[in-house]
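# Analysis of the macromolecular model
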Amino acid sequence: DSGVTQTPKHLITATGQRVTLRCSPRSGDLSVYWYQQSLDQGLQFLIQYYNGEERAKGNILERFSAQQFPDLHSELNLSSLELGDSALYFCASSVVGWGTDTQYFGPGTRLTVL
Amino acid sequence: DQQVKQNSPSLSVQEGRISILNCDYTNSMFDYFLWYKKYPAEGPTFLISISSIKDKNEDGRFTVFLNKSAKHLSLHIVPSQPGDSAVYFCAASGTSGGSYIPTFGRGTSLIVHP
């Protein structure tokens, strides 16, 4: 158990809908990262937050947004969902979010868009 | 364009033998390399890392070798155990500048037969 929690574990929804994925980092970690893993793909970095502020942005679509709250939990919002958004979404956390800081991953949320 | 490549999608070895997982990278700015292990229905777990100032790092049965001139790293598992059966992701980052977010390969599925 990495100490990172993600809810829900599974999510099935329809195209055009909006969903929210939630992540709670390990105790003491200030940085949260979101990744997407599509079928047979590596982990694609979406976005990073550090202590409530956006720190780095990857290949995140404009239909996706995220935030980190004062209690350090984070939410990833996916809207106008398309079939291609079906994937595993992982959250990771680390202490300072910089350099060689080790990332600890949650178990992921499997999103299926029908 | 994949900056981190794991060209073998799968590898099968016998228990007790050596497992060698390979990874190639293209970005010369990468100077920190990691291996993560992932079991089904779980998030990736950090396994071992190596900085570009070293060419080898050992942790128990796991050894990572780095060949900077060839832009190649490998993970050796000796001896392999059935519990090592998992997907292994190679990742690389540049700790100076803005590229500290790891770029992941697509993974190699290792199966260790009893």
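Structure report, in brief.

Reading the values: the criteria
- Every chain's residues receive numbers from 1 upward, in the order its sequence appears when written.
- To label them, take the chains in the order written and letter them from A, then take the ligands in the order written and number them from 1.
- At least 70 in pLDDT is required for a residue's local features to be given in this predicted model, at least 80 for side-chain atom pairs to be given and counted, and no such filter applies to totals for whole chains, interfaces and linings, which use all residues.
- Hydrogen atoms and water are omitted, and side-chain values are computed over all heavy atoms in the structure.
- In this description a helix means any DSSP run of H or I spanning at least four residues, a strand means any run of E spanning at least two, and both kinds are numbered starting from the N terminus.
- Radius of gyration: over C-alpha atoms. The globule rule applied is 2.2 Å multiplied by the number of residues raised to the 0.38 power.
- When a residue's accessible area, from a 1.4 Å probe over protein chains only, is under 20% of the maximum for its type it is buried; when over 50% it is exposed; and in between it is partly exposed.
- The contact criterion used is simple: two residues touch if any of their non-hydrogen atoms lie within 4.5 Å.
- All tallies of charge rest on Lys and Arg as positive and Asp and Glu as negative; His and the ends of each chain are not included.
- Taken as the charge centre is NZ of Lys, CZ of Arg, CG of Asp or CD of Glu, depending on the residue.
- By the criterion applied in these results, polar contacts are pairs of N or O atoms within 3.5 Å in which, for protein atoms, one can donate a hydrogen and the other can accept it, and in which residues neighboring in sequence qualify only through two side-chain atoms.
- In this analysis a 1.4 Å probe is tested at points of a 1 Å grid over the protein atoms alone, and where it fits but cannot get out there is a cavity; an open set with protein on both sides within 12 Å along at least five of seven lines is a pocket; lining residues have an atom within 4 Å of a point.
- Grid points are joined across faces, edges and corners, and a volume is the space filled by probe spheres set on the points.
- Throughout, nonpolar core names a set of buried Ala, Val, Leu, Ile, Met, Phe, Trp, Tyr and Cys residues whose side chains join them through atoms within 4.5 Å.
- At least two DSSP bridges between two strands are needed for those strands to be called paired.

If you tally the helices and strands in chain B, you get zero helices and 11 strands. For chain B, the succession of helices and strands along the chain, N to C, is β-β-β-β-β-β-β-β-β-β-β. Taking 13 Å as the expected radius of gyration for a compact globule of 114 residues, we find that chain B reaches 14 Å, a close match to that expectation. Dimensions of chain B along its principal axes, counting C-alpha atoms only, are 45 × 30 × 20 Å. Within chain B, the proportion of its 114 residues that are buried is 46%. Contacts in chain B between residues far apart in sequence, at least 24 positions, make up 54% of those at least 6 positions apart. Across chain B, 10 positive and 9 negative side-chain charges occur, with their mean positions spaced 3 Å apart.

All names here are of chain B. Tracing the backbone through its elements, the reader meets L34 in strand β4 (residues 32-38). Separated by 41 residues in sequence, L34 and L75 have C-alpha atoms that sit 9.8 Å apart. Beyond its immediate sequence surroundings of up to four residues, L34 is in contact with F46, I48, S49, F89, C90, A91 and P102.

To continue, consider the side chain of B:S80. All names here are of chain B. Summarising the element assignment, S80 is placed in the loop between β8 (72-77) and β9 (86-93). The exposure class assigned to S80 is buried, which follows from its relative accessible area of 1%. In terms of polar contacts, S80 uses its side chain to reach the backbone carbonyl oxygen of R17, at 2.8 Å.

The next thing to look at is the layout of surface pockets. One number sums up the size of the largest pocket: a volume of about 710 Å³. For the largest pocket, the lining is made up of 31 residues, of which A:Q37, A:D40, A:L88, A:R110 and B:K38 are closest to its centre. Counting residues per element, the ones that place at least two in the lining of the largest pocket are β9 (87-94) of chain A together with β9 and β11 (108-113) of chain B. Of the pockets and cavities examined, the second largest pocket occupies roughly 340 Å³. Lining the second largest pocket we find 17 residues, and of these A:L43, A:Q44, A:N59, B:T103 and B:F104 sit closest to its centre. For the lining of the second largest pocket, the elements supplying multiple residues, two or more each, are β5 (44-50) of chain A together with β10 (103-104) of chain B.

So, on to the nonpolar core. The biggest cluster of nonpolar side chains holds 23 residues, and the ones touching the most others in it are B:F33, B:W35, B:L73, B:L75 and B:Y88. Put simply, the parts of the chain that give this core at least two residues each are β3 (19-25), β4, β5 (45-51), β7 (62-67), β8, β9 and β11 of chain B. The biggest single contributor to this core is β9(B), with four residues. In this structure, B:Y88 is in contact with B:Q6, B:L21, B:W35, B:Y36, B:K37, B:L47, B:L75, B:I77, B:G107, B:T108 and B:L110, ignoring residues within four places of it in sequence. Among the nonpolar cores identified, the runner-up in size contains 21 residues, and A:V19, A:C23, A:W34 and A:F64 belong to it.

Our next topic: unusual backbone geometry. The residue after A:T7, namely A:P8, is reached through a cis peptide bond having omega -10°. Tracing the sequence through the fold places A:P8 in the loop between β1 (5-7) and β2 (10-13). Cis rather than trans, the peptide bond between B:V78 and B:P79 has omega equal to -10°. By secondary structure assignment, the location of B:P79 is in the loop between β8 and β9. One non-glycine residue, A:S80, lies in positive phi territory at about 45°. One can find A:S80 in the loop between β8 (74-78) and β9. A positive phi angle is found at B:K71, which is not glycine, with a value near 55°. Looking at the secondary structure, you find B:K71 in the loop between β7 and β8.

Residue and element names in this part refer to chain A. Within strand β4 (residues 31-37), seven of the seven residues are buried, which leaves the element mostly enclosed by the surrounding structure. Alternating residues of β4 divide into S31, Y33, Y35 and Q37 and V32, W34 and Q36, and every residue in both groups is buried. Across six bridges, the pairing between β4 and β5 is antiparallel. Bridged to W34 within β5 is I47.

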